[in-house]
Structure formats: C-alpha cells, structure tokens
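Per-entry structural report
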Amino acid sequence: MIELFRRASGSIIARIFFGLLAISFAFMWGGQDGLRMIGLSKEATVAKVGSVSISNRDLGLAIERTRLNMRLRTGQEISNEDVKKSGLDRQLLDRLIAEALFQIEAERLKITVSDEYIVEMLHGQKAFLLPDGTFSKETFMRFIRNFGFSTEKDYVAYKKAEMIRARVISALSANASLPFVAEAPLYAWNEQIRTAEGMVIDPTKMKLKAAPTEDQLRGFYGKNRHQFFVPERRTFKAVILKTETLKVDVKEADIQVIYDLERDKKYKGIKEAVAKEKIRQQLRHDAAQEAIIAKIDKIQSEFEGGTALADVAKANKATFKEFADVTLDPRKEKRDDLEQAIVDLAFTAVEGELSPMEELNDSGQYFVVYLEGHKEPAQLSFGDAMDDIKLAYERDAQTLLTKELVESIQKRMGEGATFKSVAVDNKLPLMTVRASRKKALSPTAIDLPPVALSQLFAVPRGNLTLLPYQGKDGRPLFLVAKVTDVKNGDPSKNKEGARKFAEMLQQQAGSDFVESYIAYLRQKNPVEINKSYFPE
C-alpha cells in the first residue's frame, strides 16, 4: 500500500489518459527537433506491437508535443540531451506501445467512434469558429499543420484513435475501487506527524588521537589509489548564438488561436491583454528558436565544407570561444552558468564532431561545441597527492569515529541511560524535530532530506534512528533521534483534504487495474523494439 502513494503522481493512467487529453490541444510547431534527435529516417520502425508499427516520425512527434506541452504549461524547455538523459524518449515509446495495445484491443472488442462524431466535435471547438459562429477551415488547417498533420483526414483519424483509447481506459477503470473502510486509516497514516528528540553529531569535529604517520598514509594511498588522480581534461571550441540579437515577427491570428484554446485552462482568471502578451513572448521565443536552428544548420554546413569555425561564427554574427585543458569539476575553476553549460556539453561531445545544439535554461542563449581533443585521467604519485591523501585519511578516520560514537550511544541507551544524560556526557547539542512525511515542520531548525524523513517514519516510537542531513554551510551532519510522539491525521479536521485524498485513492485503484491490463495485453501481443535506437 505504501507503494500506492509513491506511484500516485506518475501512474500509467495519468500519463496515458489525462496526459493524452491535455496534450491533444497543445499547439505544436513541426516535429523536426525530435526527428533530428532520434537520428533515423522518418519512416523507420522504432517498435512493432503485434500488427501495429510505431515509426520514427510517431516518436519524434510525441517528443515534440511533450516539449511544447511543458513549455506552454510551465515555461520550461526540454533539450535533446534532457530527453536522452531523463529517459523521456523511452517513456514516450512505452506510452506509444500502450496506445498501440489499446488500439488492438479496441478492434477486438469492436469499440469505435464515427468520423461524423469527430467532425461534429471539431466544428464545435471555439478556437476554430469565426465571430459569426461559423467554422473556419483556414484556422483549423493552420492549427493541424502546426500540430504535425498535413490533411484533415489524418487529424480526424488521430482524434478518433485517441477517443477510442479513452473509452477503453474509462471502461477498464470505472469499476475499480478501493474499499471505503480503508480511506480513513490510510488518510491517518499519510498525514501522520512525528516528533523526536535528537542529538547532533558533526563528523568534522571528531578529533584523531594522533596525526597519521607516513606509513599509515602510504598504506591508505595503496588501498585507495583510485581516489587520487588528475581528472580528464578537454580542449574544445564553442559557438554561441543569442535570440536577443534576432528580429522575429508574430502573427496576431496565431496568438488568438492559442488564447482561445487555453483561455479556460492556463489563462483562466487572467486579463486577455496580459495572457496574449505572454503568448506573444512565447511565440517570439519559439520563432527565434527556429531561426537559431536554421543558423546552426548553416554553421554546421559551412564548417563541414572546410571553413574554420571561428570564421563561420563571425560570418553568422555569433560569439566564438576557445577552451583549453578544461576539467568538468566547477570547483576547480570559476565559471558562470553559460560557461559551465558549455563545459558540460563538451564532456558529452564526440571528438572531431560538432555537437547538437543546446540552450541555457530557456535563456535564449544557444551554443554548439567542437571537441578537438582530450587527455585521459592520470594517476597522481604519493608525493603529488600528499595533501589530498591527508584530507581523505582524516575524513575516513572521522567517519569511523562517528560510527563508534553512534554504537556507544545505542549501548548506553539500551542500558537505561536517559537521552539528555548521554548527550551531555558526549557534549552533543540537543534538538527537537517535528515532521510530516513530506517535510520538516516548525519549530524544527533543520531541513530534513527525503531519506531522513523516510527513516524517521520507519521506526517505532521510542526506538533510535540515525538521520543524515546537511548543515547550513553544507557540512554533512547526523541526528541520533528517538521518536517521542506520533499523531495520526484526523479526516474530521480537514474534510476537504480527506475528500481529495479519497479521490486520489480511487483514481489510483483504477490506474493499478489499467496498468495490470496493459501488462496482460503485452503478453498477448509481442512487442519488438528497434535495438539500434534502444539497445538492451
């Protein structure tokens, strides 16, 4: 049941059902970034589910829709690198596989929606109506082309498949529910608040009995040679482009289309002029991004044609920078955010190739990197690493002393000593912590990380536990804590919160059922994934 709460916000039904309905009304510009990132031809098969093929174009469009949905709703950008690193591409492929499974199942169950119903629904959408209430074919076609569809027939087919999937999912989840009697105890458990006494241990204050001898340091070096090395260094060049230097035009008709689509959602309660200005800024950003992409393509073409990168940058009014023998660790060298982002990209780049384009945190600053060469990490000798060896030896010894102190505290408490007397004898400051499952509560003076909160709620009242956290200066500290009070949540004191929690439980029950059904469908319909893009 605990797992139920962990999965509540990222369940498959939320990703497939609500996500699909929300994303279906997102306004999409092309799909070329996603297709370019994947690196296969548009019609290449990424996966096959039974008799249904999922093409590279399908996955590329799914990536672009997700990017746009994120940008419109949160203002955040997702780069190609982010897509890969986060595994978003694989998550979206799994979603497309699930959609294909539902398509096959809908055909088996003979669940369908007529084309006439879809057309009637689209003709009733306010975003596509003229002031006199008649349907605007021009507005509709502009919308679906930007959404990645070339004909009305293609878009109707897309919406039809989407509605059929929604009906199958709705039918599956409608009768799945959690027993009513479980709601109150689960709410009490989820909203529990705990109070604990704690004594703070600072490992950095643990004093070694004697300074280490050279033999001890040499022995430590011999066992931990892998810790002492010169890090990898890379030499590269970067070309930087900024959208603020570009002039782009935005059509008022496009602003109106987006406003009509999002008026009752994202812009509900916001004045029309303010909402449209936000949309205008976003469209300018997107148009500038398209211009930047065109410039990057031109830069790559000219560079591959033999022109020096510095000359290419100058011709395209871009900034050119050179970096020599740079390490990845920002602590070794002071860098601003842009420089660090460039360095991060250089350490994922392929030597002798121009990297994919990246943007710094939706700032309008774009860059590509050309990696010229690198130096592999090199082992430091005992003499060259002496200062680092001493620090590491002391840190290791302090960790061992901390462990011995914790064991000593446990032993004394087990023998009947009071919490306060043990703290006084060991000269450890006392602290009281109070927390919910989500965060530390007032008057707790420290910010407990998730791992510490999990540990605090995992032990019975009266038992000791060790909670790791960071001091205000970033030092690692430990809190030897004993739970002294446990108060369960009371649904009668927060009826609205209890109601929403009960709704979440019932939705999750349906989600679990749908998730199980998808696993069943995968067993019935073999799934083959293109290993050239998704290796095992």
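Residues numbered from 1 in each chain as written. Predicted model: local features only at pLDDT ≥ 70, side-chain atom pairs only at ≥ 80, totals over all residues. Heavy atoms only, no water.

Comments concerning the overall build of the chain
Scanning the chain from terminus to terminus reveals 19 helices and 14 strands. A burial count over the chain gives 44% of its 536 residues as buried. Sequence separation of at least 24 residues holds for 71% of the intrachain contacts in the chain that already meet a minimum separation of 6. Counting every atom, the chain has about 29,600 Å² of accessible surface; 51% of that belongs to carbon and sulfur. (Helix = DSSP H or I, 4+ residues; strand = E, 2+ residues; numbered from the N terminus. Buried < 20%, exposed > 50% of the residue type's maximum accessible area, 1.4 Å probe, protein only. Contact = heavy atoms within 4.5 Å. Areas by Shrake-Rupley, 256 points an atom, 1.4 Å probe, with all protein chains shown as cover.)

With respect to the pattern of salt bridges
Tallying each qualifying case throughout the model produces 22 salt bridges. Close ionic contact of Arg412 with Asp425 constitutes a salt bridge, the shortest N to O distance being 2.7 Å. On the criterion of sequence distance, the pair formed by Arg412 in helix H16 (residues 386-414) and Asp425 in helix H17 (residues 419-425) is long-range, its members being 13 residues apart. The exposure class assigned to Arg412 is partly exposed, which follows from its relative accessible area of 27%. The closest approach of N and O atoms between Asp473 and Arg475, which form a salt bridge, is 2.6 Å. The exposure class of Asp473 is exposed, given its relative accessible area of 53%. Connected through shared salt-bridge partners, Arg95, Glu99 and Arg165 make up one network. (Salt bridge = Lys/Arg side-chain N within 4 Å of Asp/Glu carboxyl O.)

With respect to the side chain of Asp254
Relative to the assigned elements, Asp254 resides in helix H12 (residues 252-262). Judged by its relative accessible area of 14%, Asp254 is buried. Among all residues touching Asp254, those that are not within four sequence positions of it are Arg142 and Leu283.

So, the packing of aromatic side chains
Under the criterion given, the structure shown has 13 aromatic pairs. Cluster of aromatic residues (ring-pair linked, three or more members): Phe128, Phe135, Phe140, Tyr155 and Tyr158. Above the ring of Tyr259, the side-chain terminus of Lys276 is found at 5.6 Å from the ring centroid. The ring of Trp189 is capped by Arg437, whose NZ or CZ atom sits 3.9 Å from the centre of that ring. (Phe/Tyr/Trp six-rings, centres within 6.5 Å; stacked < 30°, edge-to-face > 60°. Lys NZ or Arg CZ within 6 Å of the ring centre and 35° of its normal.)

Some words on the sheet that holds strand S11 (residues 440-441)
Spatial strand order, S11-S10-S3-S13-S12: five strands in an open sheet with antiparallel pairing. The sheet is open, and its two borders are formed by S11 and strand S12 (464-470), each paired with just one other strand. Contacting strand S3 (193-201), S12 and strand S13 (476-487), H16 runs over the sheet at an angle of about 125° to S3. (Pairing = 2+ DSSP bridges. Axes fitted to C-alpha atoms, helices over the stretch in contact; angles between N-to-C directions.)

Here we look at the sheet that holds strand S6 (residues 319-326)
A sheet is described by the order of its strands in space; here four strands give the open sequence S6-S5-S8-S7, paired in antiparallel fashion. A strand with exactly one partner marks an edge of an open sheet, and here the two such strands are S6 and strand S7 (358-359). For S7 and strand S8 (residues 365-375), the ladder comprises two bridges, and the chain directions are antiparallel. Directly across from Glu359, in S8, lies its bridge partner Tyr366. Taken strand by strand, helix H13 (residues 272-304) contacts strand S5 (233-242), S7 and S8, and its axis lies near 130° from that of S5. Each of S5, S6, S7 and S8 is contacted by helix H15 (residues 337-346), which is oriented at about 50° to S8, the strand it contacts most.

A closer look at the confidence of the model for the chain
For the chain, the average pLDDT comes to 82, and 88% of its residues sit at 70 or higher. In this model residues 1-40 is a low-confidence stretch, pLDDT under 50, and it forms 122 contacts with partners more than four residues away in sequence or in other chains. (pLDDT = per-residue confidence, 0-100.)

Some details on the nonpolar core
Judged by nonpolar contacts, the single largest core of 47 residues is most densely connected at Leu59, Leu93, Phe102 and Tyr155. No other element matches helix H6 (residues 88-109), which puts eleven residues into this core. Counting 18 residues, the second-largest nonpolar core is a separate cluster that includes Ala435, Leu448, Leu453 and Val459. (Core = buried A, V, L, I, M, F, W, Y, C linked by side-chain atoms within 4.5 Å.)

Notes on the environment of Met206
Position of Met206 relative to the elements: it lies in the loop between S3 and helix H11 (214-223). Considering only alpha carbons, one finds Met206 and Ala397, 191 residues apart in sequence, at a separation of 8.6 Å. In contact with Met206, other than residues within four places in its own chain, are Ile201, Gln398, Leu401, Thr402 and Leu405.

Regarding the pairing of S3
Across the nine residues of S3, seven count as buried, placing the element largely inside the fold. Relative to S13, S3 runs antiparallel, the two being bridged by nine bridges. Bridge assignment links Thr195 to a residue of S13, and that residue is Asp485. With six bridges connecting them, S3 and strand S10 (residues 430-435) associate as antiparallel partners. When the sheet's bridge partners are listed, Met199 is paired in S10 with Leu430.

Structural notes on the packing of H11 against H16
Remark: H11 packs on H16, axes separated minimally by 10 Å, with the N-to-C direction vectors making an angle of 90°. Compared by their axis directions, H11 and H16 come out roughly perpendicular. Counted together, Gln216, Leu217, Phe220 and Tyr221 of H11 and Met386, Ile389, Lys390, Ala392, Tyr393 and Asp396 of H16 form the full contact between these two elements. Among the residues forming the contact of H11 with H16, the class breakdown is seven nonpolar, one polar and two charged. (Parallel < 35°, antiparallel > 145°, perpendicular 65-115°, else oblique. Nonpolar A, V, L, I, M, F, W, Y, C, P; charged D, E, K, R; others polar.)

What about H15?
The element H15 is largely enclosed, with a buried count of seven among its ten residues. For H15, the full list of buried residues reads Leu338, Gln340, Ala341, Ile342, Val343, Leu345 and Ala346. Where H15 is buried, its residues touch S5, S6, S7 and S8. Its side-chain oxygen 3.2 Å from the backbone nitrogen of Leu338, Asp336 forms the N-cap of H15. (Polar contact = N/O pair within 3.5 Å; in protein donor to acceptor, adjacent residues only side chain to side chain.)

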